[in-house]
Amino acid sequence: MGSSDSDKSLSLEENLKKALTEVLVLHLLSVKDCYIGELTDTIREKSGGALTIVFPYGAIYRLEQAGYLAECGKRTAPDGRRRQYYRITDAGRVYLGQLKDVYARFSAGVAEILSEGGDFHVQ
């Protein structure tokens, strides 16, 4: 694979991360209130390092602006520092359900196509 192929796969990876960041953030916040660093650490740890979100602030601000999450005050984090925590809103829970439905349909469709193997026939 040439460097341009490698660049293309990295671009695909970045696009997938951007697309999935909102669902991952909302899902984690549906489990418990978190601060931003905790969200990124949890995503990296739970994915076995496969997913890393270096700059989640854009997604956090978009979700907050849309009313899907809200600040819930500063607290002392496990590292002893005061951190701004976020929580999912009722509207965020509804949106998360919609995102999960879309993701399930999309990933099932991709898996179905990829499971066909090398025999690709257009009818």
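Calculation notes
Residues numbered from 1 in each chain as written. Predicted model: local features only at pLDDT ≥ 70, side-chain atom pairs only at ≥ 80, totals over all residues. Heavy atoms only, no water. Disulfide = S-S within 2.5 Å. Buried < 20%, exposed > 50% of the residue type's maximum accessible area, 1.4 Å probe, protein only. 1 Å grid on protein atoms, 1.4 Å probe; cavity = no way out; pocket = protein on both sides within 12 Å on 5 of 7 lines; lining within 4 Å. Points joined across faces, edges and corners; volume = space filled by probe spheres on them. Helix = DSSP H or I, 4+ residues; strand = E, 2+ residues; numbered from the N terminus. Nonpolar A, V, L, I, M, F, W, Y, C, P; charged D, E, K, R; others polar. Patch = residues over 30% accessible without salt bridge, like charges linked within 9 Å, V, L, I, M, F, W, Y side chains within 5 Å. Areas by Shrake-Rupley, 256 points an atom, 1.4 Å probe, with all protein chains shown as cover. Salt bridge = Lys/Arg side-chain N within 4 Å of Asp/Glu carboxyl O. Contact = heavy atoms within 4.5 Å. Core = buried A, V, L, I, M, F, W, Y, C linked by side-chain atoms within 4.5 Å.

So, on to the state of the cysteines. Scanning the model with the defined rule gives zero disulfides in all. Left unpaired, Cys72 is separated from the closest cysteine sulfur, that of Cys34, by 9.1 Å. You can call Cys72 partly exposed: its relative accessible area is 23%.

Here we come to the layout of surface pockets. Roughly 260 Å³ of volume is contained in the largest pocket. Secondary structure elements with two or more residues in the lining of the largest pocket: helix H1 (3–31) and helix H4 (90–114). For the lining of the largest pocket, the leading source of residues is H4, giving six residues. Tallied by class, residues from the lining of the largest pocket come to nine nonpolar, two polar and no charged. When its volume is computed, the second largest pocket comes out at roughly 200 Å³. Every residue along the wall of the second largest pocket is listed here: Glu14, Lys17, Lys18, Thr21, Thr52, Ile53, Val54, Phe55, Pro56, Gly58, Ala59 and Arg62. Secondary-structure elements contributing two or more residues to the lining of the second largest pocket are H1 and helix H3 (57–65). It is H1 that contributes the most residues to the lining of the second largest pocket, four residues altogether. Partitioned by chemical class, the residues of the lining of the second largest pocket number five nonpolar, three polar and four charged.

This part covers a nonpolar patch on the surface. On the surface, Val54, Phe55, Tyr57 and Tyr61 cluster together into a nonpolar patch covering about 490 Å² of accessible area. If you trace the backbone, Phe55 turns up in the loop between helix H2 (36–46) and H3.

Turning to the pattern of salt bridges, a few remarks are in order. Counting across every chain of the model gives seven salt bridges. Across the pair Glu13 and Lys17 runs a salt bridge whose closest N-O atoms are separated by 3.8 Å. A residue pair is termed a helical-turn pair when its members lie 3 or 4 positions apart in one helix, as Glu13 and Lys17 do in helix H1 at four residues. The salt bridge partner of Arg83 is Asp79, with a shortest N-O separation of 2.5 Å. Using a relative accessible area of 22% as the deciding quantity, one classes Arg83 as partly exposed.

You can see Ala70 is positioned in strand S2 (residues 69–76). C-alpha separation for the pair Ala70 and Gly92, spaced 22 residues apart in sequence, amounts to 9.4 Å. In this view, Ala70 contacts Tyr85, Tyr86, Arg87 and Thr89; residues no more than four positions away in its chain are not counted.

For soluble globular proteins, the rule of thumb is that nonpolar side chains tend to be buried together. In this structure, Val25, Leu26, Leu29, Leu39, Ile60 and Leu69 are the most contacted members of the largest nonpolar core, which totals 18 residues. Of all the secondary structure elements, the ones that give two or more residues to this core are H1, H2, H3, strand S3 (82–88) and H4. With five residues, the single largest contributor to this core is H1. Beyond its immediate sequence surroundings of up to four residues, Leu26 is in contact with Leu63, Tyr68, Ile88, Gly92, Tyr95, Leu96 and Leu99.

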